[in-house]
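Per-entry structural report
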Amino acid sequence: MGISEESVNLNFKWHKLSKKTKVFLIICLVFAFSLIRFSFNTEYIGYFAGECGQGMCHTEYKITSNELTIDDTSTDTATNVHKVIKGNFEDLKFNAPLLLLSNIWGSFGCPDCSDGGGYILGFKFFWIHFSFEFDRDSSPWYYAGATEIIRDRIKKIEQIEAAQSNP
């Protein structure tokens, strides 16, 4: 009674599969990786402007569970800002799709092509730092709304920073 060991054979060879089956399996795998999302221990967001004449040209926020680090880089190094704020910042973290790791170019759209600057999104995965640049209106198909998420987090961080400056 029951299934004998010899009657179940899940062994298959990739090279013996048809092209249609291979394409289907690859599409399923890509789709599955687009659904898997992670919240990383250290995440980065920010914005930059390549041809910045005056003011802050590069702002990056490092977010961990209990610390927010603000780095503003200006054309005038005397006005650069490095600030660390302690607290609970879990609500600022985002869930990035695992498929984002497959982007070897590191950019989406054409960030800073029309002197409009761009957004930064990054994270540490194990010991590797990943950083991606986004055109202000461009998100990958598997991370729809990424630029809106970045804008929202920047707005929240600026409110936190303003509250810290004016107690």
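Residues numbered from 1 in each chain as written. Predicted model: local features only at pLDDT ≥ 70, side-chain atom pairs only at ≥ 80, totals over all residues. Heavy atoms only, no water.

The number of helices and strands found in the protein chain is two helices and nine strands. Out of the 167 residues belonging to the protein chain, those deemed buried represent 34%. Across the protein chain, every contact between residues at least 6 apart in sequence was considered, and the portion connecting residues at least 24 apart equals 54%. (Helix = DSSP H or I, 4+ residues; strand = E, 2+ residues; numbered from the N terminus. Buried < 20%, exposed > 50% of the residue type's maximum accessible area, 1.4 Å probe, protein only. Contact = heavy atoms within 4.5 Å.)

Under the definition given, this model contains five salt bridges. For Arg151, the salt bridge identified is with Glu148, shortest N-O distance 3.5 Å. Taken as a pair, Arg151 and Glu148 lie in helix H2 (residues 146–165) at a separation of three residues, close to a single helical turn. (Salt bridge = Lys/Arg side-chain N within 4 Å of Asp/Glu carboxyl O.)

Along the chain, Thr147 turns up in helix H2. The class for Thr147 is buried, based on a relative accessible area of 2%. Look past the residues within four positions of Thr147 in its chain and what remains in contact with it is Tyr119, Phe134, Asp135, Arg136, Ser138 and Ser139.

Next up on the list: the pairing of strand S9 (residues 128–134). In the sheet, strand S7 (residues 107–108) pairs with S9 via two bridges, with the strands oriented parallel. The residue of S9 that forms the bridge with Phe108 is Phe134. If you look at the hairpin formed by strand S8 (residues 118–125) and S9, you'll find two residues sitting between the two strands, and Phe126 has a positive phi there, around 60 degrees. (Pairing = 2+ DSSP bridges.)

Put simply, the protein chain has an average pLDDT of 80, and 83% of its residues get 70 or more. When pLDDT is averaged over each element of the protein chain, strand S2 (residues 43–48) comes out on top at 88 and strand S1 (residues 37–38) at the bottom at 76. (pLDDT = per-residue confidence, 0-100.)

Here we come to the packing of aromatic side chains. The final tally for this structure, using the stated rule, is six aromatic pairs. Ring centres of Phe123 and Phe132 lie 6.1 Å apart, and the angle between their planes is 40 degrees; this geometry places the pair in the tilted category. Its relative accessible area of 2% is what places Phe132 among the buried residues. Look at Phe126 and Trp127: their rings are 6.1 Å apart centre to centre, the planes differ by 45 degrees, and that puts the pair in the tilted class. (Phe/Tyr/Trp six-rings, centres within 6.5 Å; stacked < 30°, edge-to-face > 60°.)

Bringing the nonpolar core into the picture now. Generally speaking, a soluble globular protein has its nonpolar side chains buried in company with each other. Counting 26 residues, the largest nonpolar core has Ile45, Leu68, Leu100, Leu121, Phe132 and Phe134 as the members making the most contacts within it. Breaking this core down by element, the ones donating at least two residues are strand S3 (56–63), strand S4 (67–74), S8, S9 and H2. Broken down by element, the residue count for this core peaks at four residues, all from H2. When sequence neighbours within four positions are dropped, the list of residues in contact with Leu100 reads Phe108, Leu121, Phe123, Phe132 and Tyr142. (Core = buried A, V, L, I, M, F, W, Y, C linked by side-chain atoms within 4.5 Å.)

This next bit is on the pairing of S8. In terms of residue burial, S8 counts as a mostly covered element, since six of its eight residues are buried. Of the pairings in the sheet, the one linking S2 to S8 comprises six bridges and is antiparallel in character. For Phe48, the partnering residue across the bridge sits in S8 and is Gly118.

On to a nonpolar patch on the surface, then. Side chains of Phe12, Trp14, Phe24, Leu25, Ile26, Val30 and Trp141 sit close together on the surface and give an oily, nonpolar patch of about 770 Å² of accessible area. Along the chain, Trp14 falls in the segment before helix H1 (19–35). In this structure Trp14 comes out as partly exposed when scored by relative accessible area, which is 42%. (Patch = residues over 30% accessible without salt bridge, like charges linked within 9 Å, V, L, I, M, F, W, Y side chains within 5 Å. Areas by Shrake-Rupley, 256 points an atom, 1.4 Å probe, with all protein chains shown as cover.)

Before going further, it helps to examine the side chain of Asp72. You can see Asp72 is positioned in strand S4. Of the buried charged residues, Asp72 lacks a salt bridge, with Lys83 as the closest side chain of opposite charge at 7.4 Å. Within the structure, Asp72 has its side chain in polar contact with the side chain of Thr59 (distance 2.8 Å). (Lys, Arg positive; Asp, Glu negative; His and termini not counted. Polar contact = N/O pair within 3.5 Å; in protein donor to acceptor, adjacent residues only side chain to side chain.)

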